[in-house]
There are 2 protein chains.
Amino acid sequence: MPEFELIRTHFAHLGAARSDVVLGVGDDCALLAVPAGQELAVSIDTLVAGVHFFPDVDPEALGHKSLAVGLSDLAAMGAEPAWATLALTLPAEDGRWLRAFAAGFAALAREQGMALIGGDTTRGPLSLSVQVHGLIPAGRAIRRAGARVGDLVCVSGTLGDAGLALRDLLAGREVAAGPRARLERPTPRVALGLALRGLATAMIDISDGLVADLGHILEESGAAARGERSGESASPGYRRGASSAADAALGAEIRLAVLPLSPAVRERLAQDPDWSLPLASGDDYELCFTLPPERASALPPLADRLGLALTPIGRILPTAGLVCIGPAGDRWTPQRGGYNHFADAG
Amino acid sequence: MPEFELIRTHFAHLGAARSDVVLGVGDDCALLAVPAGQELAVSIDTLVAGVHFFPDVDPEALGHKSLAVGLSDLAAMGAEPAWATLALTLPAEDGRWLRAFAAGFAALAREQGMALIGGDTTRGPLSLSVQVHGLIPAGRAIRRAGARVGDLVCVSGTLGDAGLALRDLLAGREVAAGPRARLERPTPRVALGLALRGLATAMIDISDGLVADLGHILEESGAAARGERSGESASPGYRRGASSAADAALGAEIRLAVLPLSPAVRERLAQDPDWSLPLASGDDYELCFTLPPERASALPPLADRLGLALTPIGRILPTAGLVCIGPAGDRWTPQRGGYNHFADAG
C-alpha cells in the first residue's frame, strides 16, 4: 500500500483550512503556529477492531467516532479544537471503506473547524489512533483536580444510551435508533466545554462510565486539595501510587432519582432495575463537571442556549467514596470496575 | 487491562522533566506551552508487529526504535525534540515485556530531553503509534521543498546497513552485529538536523530508501520552484495530483563511487553488485539534504564535531529524473518502488 497515494486519494483536504497550519501533510513533520498566550491541549486515543468497535461497523460512523472520542477529551478540558493526526492501520486497501471512513472523519472535522495535519497509513490488523490538538488561553483549562467540597456534580445530556445499544448488540437484540446513534456517532460536547471555562471547577468526559470517571475527579481533586500533587507540575504528573491516591480522594453523593435518562434507558430500567446501565456504561461521551452551588443559576440559560440538558445530580463530600442515593432513599456504594455483581444493588 | 494502572506502573516518569509541560499524563489532555516565536513540528508513525518488526524482537530495542523513528522525522525538519505521546496496543499484559519496552523508550527520551506527555493503552494485535513534537524558531524549518538546481545532494552516515540486516534475517542467515544494531536500534540524527538550520536548503530522513526519499525532495522542490504549491500554505498542502507532481519534479545525479558504505555493505556489494541494497533499503534513518556548493566547506568541521560522515554524493539537475553514475562511468535511472529487476543494473 503506497502510503502517500492512499493519503492523497482519500484524505486530501480533510477538514478545515486554518491559518495556523504553517505546513500540513506531505513533509517529515507538520508545522503549527500556537498563538501567543494559548496553551496546547493534546490527547491520543486508539480504537481497535473487535475491541472498541465491531469490525463490520459502518465505516462512515467509525470515521466520525474516531475523531469524536478525541474531541470529547478536548471538550473535557475546555479546549477549542484545532488540529488532528490520524494513524490508520488497515488489513488491505479498500477504496470504498476508506472513502466512507474519510467522509465521516471529514464531516466532523469541518463541523468543528479542525484541520488534518498529518498521519500514517500502515498495513495490519484494523485499528486507528487519532491525536487531537486544541487551544486554551493559558491557565484556563478545566482539569480533573479542581473539585471542592460542597461543589455540585453535574452531567450533560443523558446517561446509559450507548451502553444500552451495546448490550442489545451483544445480546443479538434489535437496537433502537436513538441508542445506536449514541454508540456509533457520539456527539462531543465541545461547545459546552468552552462555555464552562470560568464556571466549572473540575471536568472529565464520561467515556468509561460515570462512576469510574467521576472517581477520577474525586481522586485527582482530593490529592490536589491535600497538596499531594501539584496542579502546575513540570514533571509528567503521574500519581505517586494507587493506594495513597484512593485514600486521599474526595467523595460524592449522587441522587439516582435525578439522573438524566432517555426514555429508552428509563424503559429498560423499569424492566430491569440494573443501575449499572446509566452509572457504569462507557461511550456516552457526555461531560461530568463540578461547580460551586452559587454558580448553578448559570446552568439553565446555558442548557437553553446549547439545547442540551445540564443536570446537577449530587455534590462533593469531604470523605472518600461515592454514595448513591436510590429513588427510595436507600444509600449504597457502587463499585468501580466489575459491575457484574451490581445488577441487583439498585 | 486497567489502562491507568498500566501506564502508571510502566511509564511513570518516562523521559525528561520539562518546564514547558504544564500538565502531563493523567487528565483528559496534556497541556503544553510552546514558547513564543517557536513553531511546533509534529509527526506520527505506527509500527505493526509482523510488518515493521518481528513479533519476537527485543522489546527494549523496539521501545528505542518506536521513538527513534519519530525523532528522525524531527531531525529531518531541524526541530528540537520536546514531547512524545505513545499509543500502545498489546495482545495481553506482559510485565516483563512492558518493562523492557519502557526502558528502551525512556532511555532514548531522556537522552534527547523529551517528556512523555500522554498516551493510550489498548488490547489488540501488537502495534504502537508514537507522535513526536518538536520546536523550531518560526520560519527556520528545513523542508523537502527547498532544493535548487546546482545544490549538492548529501547524506549522513552510511547507507544500506539496516537493509543488509533485514535481508539476512529474512534469509535465515547470520546477521552481523553492526547491521543488526542499525536495523533494530537506529540513531536519529537530531544534532545534525539542528546544525543544518541555515545551511541545508532541503532535507528528508531516509526511511524508505535513498531513491524514494530523495525523490520526494525532487518532486516537492520542483513543484515549489514552479510555484505549483505554496511553501507557506494555509491549507493542508496536499499535492495536486501524482502525474503533474512527477512532471514538475527536479532531477538529480548521484555518483555511486562516493556513496558512503560500511565495510559490511561494501563486502556484500563485492559479492553481489546489487545497488538496491544501499539505494533502496529503508530503515537507515540517515538524513539526505541539499545545500549550495559554496556552503560545502561547512561540512567537514561539522562532520568532525558530530563524529558522523557527511558525504556529498551528487547534485540537483533542472530536469526530472534521478540518474546514477556507476563506478565505471555508466549512467542509468533507478526505478522507485520495485527493485526486483534492479539487481543487475549496476
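A quick note: this is a predicted structure, and the numbers were derived from the prediction, not measured.

Caption draft 1: Representation of the side chain of B:Arg197 within the structure. All names here are of chain B. Structurally, the position occupied by Arg-197 is in the loop between helix H6 (190-195) and strand E8 (202-206). Salt bridges are absent for the buried Arg-197, whose nearest opposite-charge side chain, Glu-80, sits at 4.9 Å. Among the polar contacts listed, one links the side chain of Arg-197 to the backbone oxygen of Gly-78, at a separation of 2.7 Å. Apart from residues no more than four positions distant in its own chain, Arg-197 is found in contact with Gly-78, Ala-79, Glu-80, Leu-135, Ile-136, Pro-137, Arg-140 and Ile-142.

Caption draft 2: Broad picture of the sheet that holds E8(B). Residues and elements named next belong to chain B. With mixed pairing, 7 strands are arranged side by side in an open sheet as E8-E10-E7-E11-E9-E12-E13. Every other strand in the sheet has two partners, leaving E8 and strand E13 (331-332) as the edge strands with one partner each. Across 4 bridges, the pairing between strand E9 (residues 251-255) and strand E11 (residues 310-317) is antiparallel. The partner of Gly-251 across the bridge, within E11, is Leu-317. Those strands touched by helix H7 (residues 210-225) are strand E7 (152-156), E8, E9, strand E10 (286-291), E11 and strand E12 (321-325), and its axis lies near 155 degrees from that of E8.

Caption draft 3: Quick peek at the domain arrangement of chain A. All names here are of chain A. Taken domain by domain, chain A consists of domain 1 (3-137) and domain 2 (144-332). The gap between the C-alpha centroids of domain 1 and domain 2 is 26 Å. Each side of the interface is counted separately: domain 1 has 21 residues, and domain 2 has 19 residues. Here domain 1 is connected to domain 2 by 2 salt bridges. Asp-283 is the salt-bridge partner of Lys-65, the closest N and O atoms lying 3.0 Å from each other. Taken together, the links from domain 1 to domain 2 amount to 6 residue pairs in polar contact (both at pLDDT 80 or more). Secondary-structure elements contributing two or more residues to the side of domain 1 that touches domain 2 are helix H2 (59-77), strand E4 (80-90) and strand E6 (127-137). Broken down by element, the residue count for the side of domain 1 that touches domain 2 peaks at 11 residues, all from H2. In the side of domain 1 that touches domain 2, the residues fall into 13 nonpolar, 4 polar and 4 charged.

Caption draft 4: The arrangement of helix H5 (residues 177-184) of chain A in detail. Along H5(A), the positions that sit buried rather than exposed are A:Pro179, A:Arg182, A:Leu183 and A:Glu184. Looking at the buried side of H5(A), the elements it contacts are H2, helix H4 (161-170) and helix H9 (263-271) of chain A.

Caption draft 5: Region of the structure containing the packing of helix H4 (residues 161-170) of chain B against helix H9 (residues 263-271) of chain B. All names here are of chain B. The N-to-C vectors of H4 and H9 enclose an angle of 60 degrees; their axes lie 9 Å apart at closest approach. Our classification of the angle between H4 and H9 gives oblique. When you trace H4 past H9, the crossing you get is left-handed. Of H9, the residues touching H4 (which contributes Asp-161, Leu-164 and Asp-168) are Ala-264, Val-265 and Arg-268. Looking at the contact of H4 with H9 residue by residue, the class counts come to 3 nonpolar, no polar and 3 charged.

Caption draft 6: Inspection of unusual backbone geometry at higher detail. All names here are of chain A. Backbone geometry at Asp-283 places phi at a positive 75 degrees, although glycine is not the residue there. The residue Asp-283 is located in the loop between helix H10 (276-280) and strand E10 (287-291) in this model. Asp-283 gets classed as buried once you look at its relative accessible area, which sits at 19%.

Caption draft 7: Quick look at the pattern of salt bridges. Summed over the entire model, instances satisfying the criterion amount to 30 salt bridges over all chains. One salt bridge connects A:Arg331 with A:Glu253, and the closest N-O pair in it is separated by 3.2 Å. Taken as a pair, A:Arg331 in strand E13 (residues 331-332) and A:Glu253 in strand E9 (residues 251-255) lie far apart in primary sequence, 78 residues in all. Close ionic contact of B:Arg173 with B:Asp168 constitutes a salt bridge, the shortest N to O distance being 2.8 Å. Through salt bridges with shared partners, a single network forms among A:Asp161, A:Arg182, A:Arg189, A:Asp284 and A:Glu286.

Caption draft 8: How the structure looks around the state of the cysteines. Residues and elements named next belong to chain A. A complete count under the given rule lists 0 disulfides over all chains for this structure. With no disulfide of its own, Cys-288 lies closest to Cys-154 among cysteine sulfurs, the gap being 8.1 Å. Sulfur of Cys-324: no disulfide; nearest cysteine sulfur belongs to Cys-288 and is 12 Å away.

Caption draft 9: The pairing of E6(A), seen in detail. Residue and element names in this part refer to chain A. Burial of E6 is extensive: 10 of the 11 residues sit out of reach of the surface. With 11 bridges connecting them, strand E3 (residues 38-48) and E6 associate as antiparallel partners. Bridge assignment links Glu-39 to a residue of E6, and that residue is Ile-136. Of the pairings in the sheet, the one linking E4 to E6 comprises 9 bridges and is antiparallel in character. Residue pairing in the sheet places Thr-89 in a bridge with Ser-127 of E6.

Caption draft 10: Seen up close, the sheet that holds strand E1 (residues 21-23) of chain A. The 6 strands are arranged E1(A)-E2(A)-E3(B)-E6(B)-E4(B)-E5(B) in an open sheet whose pairing can be described as mixed. Every other strand in the sheet has two partners, leaving E1 of chain A together with strand E5 (115-123) of chain B as the edge strands with one partner each. On average, each strand axis in the sheet is tilted by 20 degrees relative to the strand beside it, whichever way the strands run. Lying on the sheet, helix H2 (residues 59-77) of chain B is in contact with E1 and strand E2 (30-32) of chain A together with strand E3 (38-48), strand E4 (80-90) and strand E6 (127-137) of chain B; it crosses E6(B) at an angle near 30 degrees. Across the face of the sheet, helix H3 (residues 95-111) of chain B comes into contact with E4, E5 and E6 of chain B while running at roughly 165 degrees to E4(B).

What counts and what doesn't
- Residues numbered from 1 in each chain as written.
- Chains lettered and ligands numbered in written order.
- Predicted model: local features only at pLDDT ≥ 70, side-chain atom pairs only at ≥ 80, totals over all residues.
- Heavy atoms only, no water.
- Helix = DSSP H or I, 4+ residues; strand = E, 2+ residues; numbered from the N terminus.
- Buried < 20%, exposed > 50% of the residue type's maximum accessible area, 1.4 Å probe, protein only.
- Lys, Arg positive; Asp, Glu negative; His and termini not counted.
- Salt bridge = Lys/Arg side-chain N within 4 Å of Asp/Glu carboxyl O.
- Polar contact = N/O pair within 3.5 Å; in protein donor to acceptor, adjacent residues only side chain to side chain.
- Contact = heavy atoms within 4.5 Å.
- Pairing = 2+ DSSP bridges.
- Axes fitted to C-alpha atoms, helices over the stretch in contact; angles between N-to-C directions.
- Domains from an automatic or database assignment.
- Nonpolar A, V, L, I, M, F, W, Y, C, P; charged D, E, K, R; others polar.
- Parallel < 35°, antiparallel > 145°, perpendicular 65-115°, else oblique.
- Left-handed = near helix turned anticlockwise from the far one by under 90°.
- Disulfide = S-S within 2.5 Å.

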